[in-house]
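Tertiary structure, described
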Amino acid sequence: MQPFVKWAGGKRQLIPEILNHLPQQFNHYYEPFIGGGALLFELGLEKSTISDNNRVLIDTYIAIRDHLNDLIPLLNELQNEHNSFDDKEKSNEYYYTKRERFNELILGTDFSLERNALFMYLNKACFNGLYRVNASGFFNVPSNQKKKINIFENDNLNQISKFLQTVQIFHQDFETTVQNANEGDLVFFDSPYAPLNPTSFDSYTKEGFSTEEHIRLSNVFQRLSERGVYCILTNHNTDFIRELYSDFNLFEVNVKRLINRDAQNRTGKELIVTNFG
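My aim in this report is to walk through the structure given alongside it, one point at a time.

1. As for the overall build of the protein
For the protein, the count of helices and strands is 10 helices and seven strands. Against the 2.2 N^0.38 benchmark of 19 Å for 277 residues, the protein shows a C-alpha radius of gyration of 19 Å, consistent with a compact globule. Taking the principal axes of its C-alpha atoms as reference, the protein extends roughly 55 × 40 × 30 Å. Residues classed as buried in the protein amount to 49% of the 277 residues present. Counting only contacts in the protein whose residues sit at least 6 apart along the sequence, the fraction spanning at least 24 positions is 72%. Surface summary for the protein: the accessible area is close to 13400 Å², and the carbon and sulfur share equals 44%.

2. A word on helix α4 (residues 68–83)
Residues separated by three or four positions in an α-helix point in the same direction, a consequence of the helix having 3.6 residues per turn. In this model, α4 (16 residues) spans 22 Å end to end at C-alpha, consistent with the 22 Å of a helix rising 1.5 Å per residue. Those residues of α4 not exposed but buried are Leu68, Leu71, Ile72, Leu75, Leu78, Gln79, His82 and Asn83. Taken down its axis, α4 places every buried residue within 130° of arc, on the same side. Elements that come into contact with the buried residues of α4 comprise α3 (55–66), α5 (88–105), α6 (113–125) and α7 (154–164).

3. Topic: the pattern of salt bridges
This structure, assessed with the given rule, holds 10 salt bridges. In this structure, the salt-bridge partner of Arg65 is Asp66, at a minimum N-O distance of 2.8 Å. Residue classification places Asp66 among the partly exposed positions, given a relative accessible area of 38%. With a closest N to O distance of 2.8 Å, Arg216 and Asp173 form a salt bridge. Here Arg216 is found in helix α9 (residues 211–226), whereas its partner Asp173 is found in the loop between β3 (167–171) and α8 (174–177), with 43 residues between them in sequence. When its relative accessible area of 23% is taken as the criterion, Arg216 is described as partly exposed. One connected set of salt bridges, linked through shared partners, spans Asp173, Glu175, Glu213, Arg216 and Arg223.

4. So, α7
Among the residues of α7, those classed as buried are Asn156, Leu157, Ile160, Ser161, Phe163 and Leu164. For α7, the arc enclosing every buried residue in end-on projection is 165°, short of the 170-degree limit, so these residues lie on one face. Exposed side chains of α7 directed beyond 90 degrees from the buried face belong to Asp155 and Lys162. On its buried face, α7 is in contact with α2 (38–43), α3, α4, α6 and β3.

5. Things to note about the packing of α5 against α6
Contact geometry of α5 with α6 gives a least axis separation of 10 Å together with a crossing angle of 140°. Overall, the two elements α5 and α6 adopt an arrangement that is oblique. In this structure, the crossing between α5 and α6 has a hand that is left-handed. From α5, Tyr94, Tyr95, Lys98, Arg99, Arg101, Phe102 and Leu105 reach across to α6, where they touch Glu114, Arg115, Leu118, Phe119, Tyr121, Leu122 and Ala125. Looking at the contact of α5 with α6, its residues break down into nine nonpolar, no polar and five charged.

6. Brief notes about the nonpolar core
Ranked by size, the top nonpolar core spans 60 residues in total, and within it Met120 and Leu164 carry the most contacts. With residues up to four places along the chain from it excluded, the contact list for Met120 reads Phe4, Thr60, Ile64, Leu71, Leu75, Ile151, Phe152 and Leu157. The next biggest cluster of nonpolar side chains, apart from the first, holds 21 residues, and it includes Val178, Ala181, Phe248 and Val273.

7. A closer look at the pairing of strand β2 (residues 48–52)
Counting buried positions along β2 yields five of five residues, so the element is predominantly enclosed. Residue alternation in β2 divides its side chains into two sets, Ser48, Ile50 and Asp52 and Thr49 and Ser51, and both sets are buried. Pairing analysis gives three bridges linking strand β1 (residues 29–31) to β2, with the strands arranged parallel. Pairing of Tyr29 across the sheet is with Ser48, part of β2. In this view, the connection linking β1 to its parallel neighbour β2 by way of α2 has right-handed handedness. As defined by bridge partners, β2 adjoins β3 across five bridges and the pair is classed as parallel. From the neighbouring strand, Ser51 faces β3, where its bridge partner is Phe170.

8. Structural notes on the packing of aromatic side chains
Enumeration according to the criterion identifies 19 aromatic pairs in this entry. Arranged with centres 5.7 Å apart and planes meeting at 85°, the rings of Phe33 and Phe209 form a pair that is edge-to-face. With Phe33 in the loop between β1 and α2 and Phe209 in the loop between β4 (186–189) and α9, this pair connects stretches of sequence that are 176 residues apart. Summarising the burial analysis for this pair, Phe33 and Phe209 share the class buried.

Rules and cut-offs
Residues numbered from 1 in each chain as written. Predicted model: local features only at pLDDT ≥ 70, side-chain atom pairs only at ≥ 80, totals over all residues. Heavy atoms only, no water. Helix = DSSP H or I, 4+ residues; strand = E, 2+ residues; numbered from the N terminus. Rg over C-alpha atoms; globule rule 2.2 N^0.38 Å. Buried < 20%, exposed > 50% of the residue type's maximum accessible area, 1.4 Å probe, protein only. Contact = heavy atoms within 4.5 Å. Areas by Shrake-Rupley, 256 points an atom, 1.4 Å probe, with all protein chains shown as cover. Expected span 1.5 Å × (residues − 1). Arc of directions from axis to C-beta. Salt bridge = Lys/Arg side-chain N within 4 Å of Asp/Glu carboxyl O. Axes fitted to C-alpha atoms, helices over the stretch in contact; angles between N-to-C directions. Parallel < 35°, antiparallel > 145°, perpendicular 65-115°, else oblique. Left-handed = near helix turned anticlockwise from the far one by under 90°. Nonpolar A, V, L, I, M, F, W, Y, C, P; charged D, E, K, R; others polar. Core = buried A, V, L, I, M, F, W, Y, C linked by side-chain atoms within 4.5 Å. Pairing = 2+ DSSP bridges. Right-handed = clockwise from strand over helix to strand, strands pointing away. Phe/Tyr/Trp six-rings, centres within 6.5 Å; stacked < 30°, edge-to-face > 60°.

Listed below in structure tokens is the structure:
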């Protein structure tokens with residue numbers, strides 16, 4: 001299975017490194033910042049619990065799990081309409097029309113298959129697959145200006161839908177998700193990253209993820225460690241993160257940052273943090 005969305009900070013390229021640092025055995029798997037779910041789909045464990053603070057993202061996981069037969073026709077319609085245009089100008093106009101419609105739905109609390117389909121369409125038709133909202137919570141990423149897109153792979157979505165039948169999915173705070181984790185369980189924390197500089201992107205939700213939230217996350221990491229829960233975390237290799245997790249194992253890894261506008265700045269170093277040997 002492969003992630004059905006591209007997500008800032010997605011872990012597909014780090015999967016081999018992360019797998020090398022997992023405990024040999026563990027019980028229940030928790031991922032409270034699910035994003036694209038690369039590690040979840042790689043492991044494919046039935047005893048899994050996932051969550052995210054992004055309602056649209058979580059609703060889309062639920063839609064794929066529970067309403068795939070109704071979702072696929074909506075995806076096909078969006079893909080076929082986008083790909084029917086002869087030039088970029090017309091496909092761009094279509095993109096911005098659908099982005100406007102998505103923003104009419106984005107703040108709603110009711111479940112919406114239309115919103116889920118638009119979310120997946122915009123992810124494949126926007127610049128670098130970036131999900132970003134402004135201070136008001138509206139999606140504001142420009143078009144990638146491609147005439148042809150592929151929103152989904154039918155076999156992959158069907159595999160994901162079947163697998164997610166066994167997964168607990170929640171829209172909630174990360175601390176709530178892991179409060180019942182027990183000794184021998186594994187928690188993978190892939191939160192929005194601490195900024196490398198003041199202009200770094202971190203607006204996955206309109207609330208963002210502040211310095212205080214990173215400190216709260218490190219406190220949760222510490223408490224879980226004291227309970228015997230296996231914890232693994234990824235983040236930027238910064239002094240701030242190193243200080244927060246100085247009592248744990250820090251492993252430096254090389255990465256490519258695929259959503260950086262400047263191709264020359266698409267390489268860097270990240271940290272994998274573990275509380276086990």
